[in-house]
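# Inside the fold
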Amino acid sequence: GLSEYLERKRTGFARFYFLADDDLLEILSQTKEVRNVRPHLRKVFENMADLEFKEDDTIVAMYSGEGEKVDFYKKVDPRDKAVENWMGIVEGMMTLSIRHALKTSVEDYMNQDRNDWIISHTGQCVLNGSQVHWTAEVEEAMQKGVKSVSDYYDSLVEQLNRTVTLVRQKLSRMATITINALIVIDVHARDVIGNLVVEKVTDISAFEWISQLRYYWDNDDCYVRCVQTNFPYGYEYLGNTLRLVITPLTDKCYMTLMGALSLNLGGAPAGPAGTGKTESTKDLAKALAK
């Protein structure tokens with residue numbers, strides 16, 4: 001009977017499948033005390049470590065494990081609701097809030113100096129907002145010809161050097177983590193364009209370009225494309241975390257796994273132990289916010 005009861009609760013909020021029976025029972029036994037769910041959040045969400053409660057127990061913001069705060073788009077009222085119901089509402093509000101923050105960062109990018117923009121937005125939205133604009137700028141340059149792509153490469157190098165100057169300034173811990181992750185992604189973006197210049201690629205459907213993870217803001221939503229795969233961005237809150245250096249082998253791994261996703265198949269990276277198979281897969285999940 002207990003197993004059936006727990007199964008019913010897990011059906012109501014699928015992320016409860018991540019929890020052991022003991023943890024789930026502890027949450028369910030304290031349904032009236034909504035704040036007691038906080039120690040279990042990291043087991044259910046990727047990087048939601050805490051919630052900000054008002055005196056009336058409404059929830060207005062979330063915190064990552066690193067201490068980064070993201071305000072909810074609307075407040076969540078968990079009172080007089082079953083725990084699986086209000087945690088489902090929190091999950092929906094998390095994705096809605098990240099989508100709103102990403103949309104704001106994409107719009108602000110054109111109106112602010114890039115270095116100021118980096119510091120004024122949450123880490124996840126800086127990384128993805130930057131890639132949305134990078135994708136658009138590359139395709140615009142490619143349509144104008146080889147000279148334009150070469151000029152864009154020079155501007156990327158200059159942009160990267162300006163970002164590096166930020167590291168030498170006195171910054172908050174959050175800003176430092178964001179900039180470190182952004183530099184890793186920007187270096188790979190520069191290398192991709194360098195290859196396009198060498199190969200004299202000006203067709204936006206050329207394999208050298210479509211084999212990359214490309215970010216598009218279409219119909220008020222973010223999509224990640226790779227070759228034939230067009231995958232909706234997941235808006236899972238990732239906090240402010242570092243990213244792996246992207247090598248040509250990582251690109252091949254991403255391409256294969258994205259192809260598997262579009263066909264609803266599984267992907268299984270193979271190779272010796274300790275070569276980064278699991279970490280690469282986890283980093284792709286970060287790139288897709290899933």
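If you're wondering where the values come from, they're calculated on a predicted model, not measured in any experiment.

With that out of the way, let us pick up the sheet that holds strand S2 (residues 59-63). Taking strand neighbours across the sheet as the criterion, the three strands line up as S1-S2-S3 in an open arrangement whose pairing is antiparallel. Where the open sheet ends on each side, the last strands, each with one partner, are strand S1 (50-53) and strand S3 (69-76). Strand after strand, the sheet turns through a mean of 25 degrees between neighbouring axes, direction not considered. Here S1 pairs with S2 via four bridges, running antiparallel. When the sheet's bridge partners are listed, Asp50 is paired in S2 with Tyr63. Packing of helix H4 (residues 83-108) onto the sheet brings it into contact with S1, S2 and S3, and relative to S3 it is tilted by some 125 degrees.

Here helix H7 (residues 146-167) spans 32 Å end to end across 22 residues, near enough to the 32 Å set by a 1.5 Å rise per residue. Along H7, the positions that sit buried rather than exposed are Ser148, Val149, Tyr152, Leu156, Leu160, Thr163 and Leu166. Projection of H7 onto a plane perpendicular to its axis shows the buried side chains occupying an angular sector of 120 degrees, all on one side. In H7, the exposed positions angled more than 90 degrees off the buried face are occupied by Lys147 and Glu158. Where the residues of H7 are buried, they touch helix H5 (114-120), helix H6 (123-144) and helix H8 (173-199).

Each value, and the rule that gives it
Residues numbered from 1 in each chain as written. Predicted model: local features only at pLDDT ≥ 70, side-chain atom pairs only at ≥ 80, totals over all residues. Heavy atoms only, no water. Pairing = 2+ DSSP bridges. Helix = DSSP H or I, 4+ residues; strand = E, 2+ residues; numbered from the N terminus. Axes fitted to C-alpha atoms, helices over the stretch in contact; angles between N-to-C directions. Contact = heavy atoms within 4.5 Å. Expected span 1.5 Å × (residues − 1). Buried < 20%, exposed > 50% of the residue type's maximum accessible area, 1.4 Å probe, protein only. Arc of directions from axis to C-beta.

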